[in-house]
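What follows is the residue order along each chain.
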Amino acid sequence: MRIPIIAGNWKMNTTVSEAADLVRAMQAQLAALTGVERVLCPPFVSLTTVGQIIRGSAVKLGAQNMHYEEKGAYTGEVSPLMLGGLCEYVILGHSERRQYFGETDELVNRKVKAALKAGLKPIVCVGERLDENEAGKTEEVIVREVRGGLSGVEAPTSLVIAYEPIWAIGTGKAATGPQANATISLIRRTVAQLYGDGFAEGLRVQYGGSVTAANIAEFISQPHIDGALVGGASLKAAEFVSIVEQTARIKKG
Ligand code: 13P
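Keep in mind that what you see is a predicted model, and the values were worked out from it rather than measured.

**Focus on the overall build of the protein**
- Summing up its helical and strand segments, the protein has 11 helices and 8 strands in all.
- Across its three principal directions, the C-alpha atoms of the protein cover 50 × 45 × 35 Å.
- Residues counted as buried form 55% of the 253 residues belonging to the protein.
- Pairs at least 24 residues apart make up 72% of the contacts formed inside the protein by residues separated by at least 6 positions.
- By element, 53% of the accessible surface of the protein is carried by carbon and sulfur atoms, the whole surface being about 11,000 Å².
- Charged side chains of the protein number 26 positive and 26 negative; the gap between the two group centres comes to 4 Å.

**Quick look at the pattern of salt bridges**
- For the structure shown, the criterion picks out 18 salt bridges.
- Between E88 and K121 there is a salt bridge, and its shortest N-O distance comes to 2.7 Å. Taken together, the residues E88 in the loop between α3 (80–84) and β4 (89–92) and K121 in strand β5 (residues 121–126) connect sequence positions 33 residues apart.
- Judged by relative accessible area, E88 falls into the partly exposed class, the value being 25%.
- For K121, a relative accessible area of 25% puts it in the partly exposed group.
- R129 is paired through a salt bridge with E132; the nearest N and O atoms lie 3.4 Å apart.
- Look at R129 and you get partly exposed, because its relative accessible area is 40%.
- Judged by relative accessible area, E132 falls into the buried class, the value being 10%.
- Salt bridges sharing common partners tie together E37, K60, E88, K121 and R204.

**Focus on the packing of helix α5 (residues 105–117) against helix α7 (residues 138–150)**
- Running from N to C, α5 and α7 cross one another at 45 degrees; their axes reach a closest spacing of 7 Å. The pairing of α5 with α7 is recorded here as oblique in orientation. The two elements α5 and α7 meet at a crossing, and its hand is right-handed. Here α5 contributes D105, N109 and V112 to the contact with α7, which in turn contributes R144, E145, G148, G149 and L150.

**What about the packing of α7 against helix α8 (residues 177–195)?**
- Packing of α7 against α8 leaves a shortest axis separation of 10 Å and a crossing angle of 40 degrees. The orientation of α7 with respect to α8, classified from their angle, is oblique. Crossing angle aside, the handedness with which α7 passes α8 is right-handed. Together, T138, E139, I142, V143, V146, R147 and L150 of α7 and T183, L186, I187, T190, V191, Q193, L194 and Y195 of α8 make up the contact between the two elements.
- Of the residues contributing to the contact of α7 with α8, the split by class is 9 nonpolar, 4 polar and 2 charged.

Scoring rules and cut-offs
Residues numbered from 1 in each chain as written. Predicted model: local features only at pLDDT ≥ 70, side-chain atom pairs only at ≥ 80, totals over all residues. Heavy atoms only, no water. Helix = DSSP H or I, 4+ residues; strand = E, 2+ residues; numbered from the N terminus. Buried < 20%, exposed > 50% of the residue type's maximum accessible area, 1.4 Å probe, protein only. Contact = heavy atoms within 4.5 Å. Areas by Shrake-Rupley, 256 points an atom, 1.4 Å probe, with all protein chains shown as cover. Lys, Arg positive; Asp, Glu negative; His and termini not counted. Charge placed at Lys NZ, Arg CZ, Asp CG, Glu CD. Salt bridge = Lys/Arg side-chain N within 4 Å of Asp/Glu carboxyl O. Axes fitted to C-alpha atoms, helices over the stretch in contact; angles between N-to-C directions. Parallel < 35°, antiparallel > 145°, perpendicular 65-115°, else oblique. Left-handed = near helix turned anticlockwise from the far one by under 90°. Nonpolar A, V, L, I, M, F, W, Y, C, P; charged D, E, K, R; others polar.

Here it is, written out as structure tokens:
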């Protein structure tokens, strides 16, 4: 049995006080739901504040990125050791990091290793661009990103993979449930080749890309989809709560 996991990626939104308001608006309802892991990923500068507000509840905290070195002369960067005391999860290799900040599979791989070493739980993002999708290259891209991100990593103590087709992010044009399920099934097969069937069976894979309260049911009712990485809709308290609530209900069956 895989415990579903819904994570809210707030991206570069909310000031510290807006982040506090947002988490206060959803915290009681989120905390009351069971059977689904709930993770909030605010900007770095709000991790402490949001962490204080959710402390003692079952709601968890994640970062959106990190450097792979533990410390050093890397102006503006945040290290795994710094996050270690603050949060449990870290999103790595998000397509916006790959697209706007030049992150490669090799860099993502270094970050995955560093996160695991620091006891952080990586949420590794993979996904194809529209042109790759249209050229029939989805499988090739996904296998390359999964293998590249996990290269040289021993069966990880904790791992979540998020399948986020780039053409579906922030566009309002989500994949269909069956489409996402098929690619996530491929991700599971790829991970099985690395770590064996048992590991792949237990691996949680999220779908991300224009997930809303109106379409979450379509994704979460698919057998291979274990949750969602939610962008825009995670900035609306009632909508995010609804996404978590529907996931809990549908996965309980
Ligand atoms: P949207 O839900 O806004 O499409 O963003 C998805 C995403 O990138 C989550 O990491």
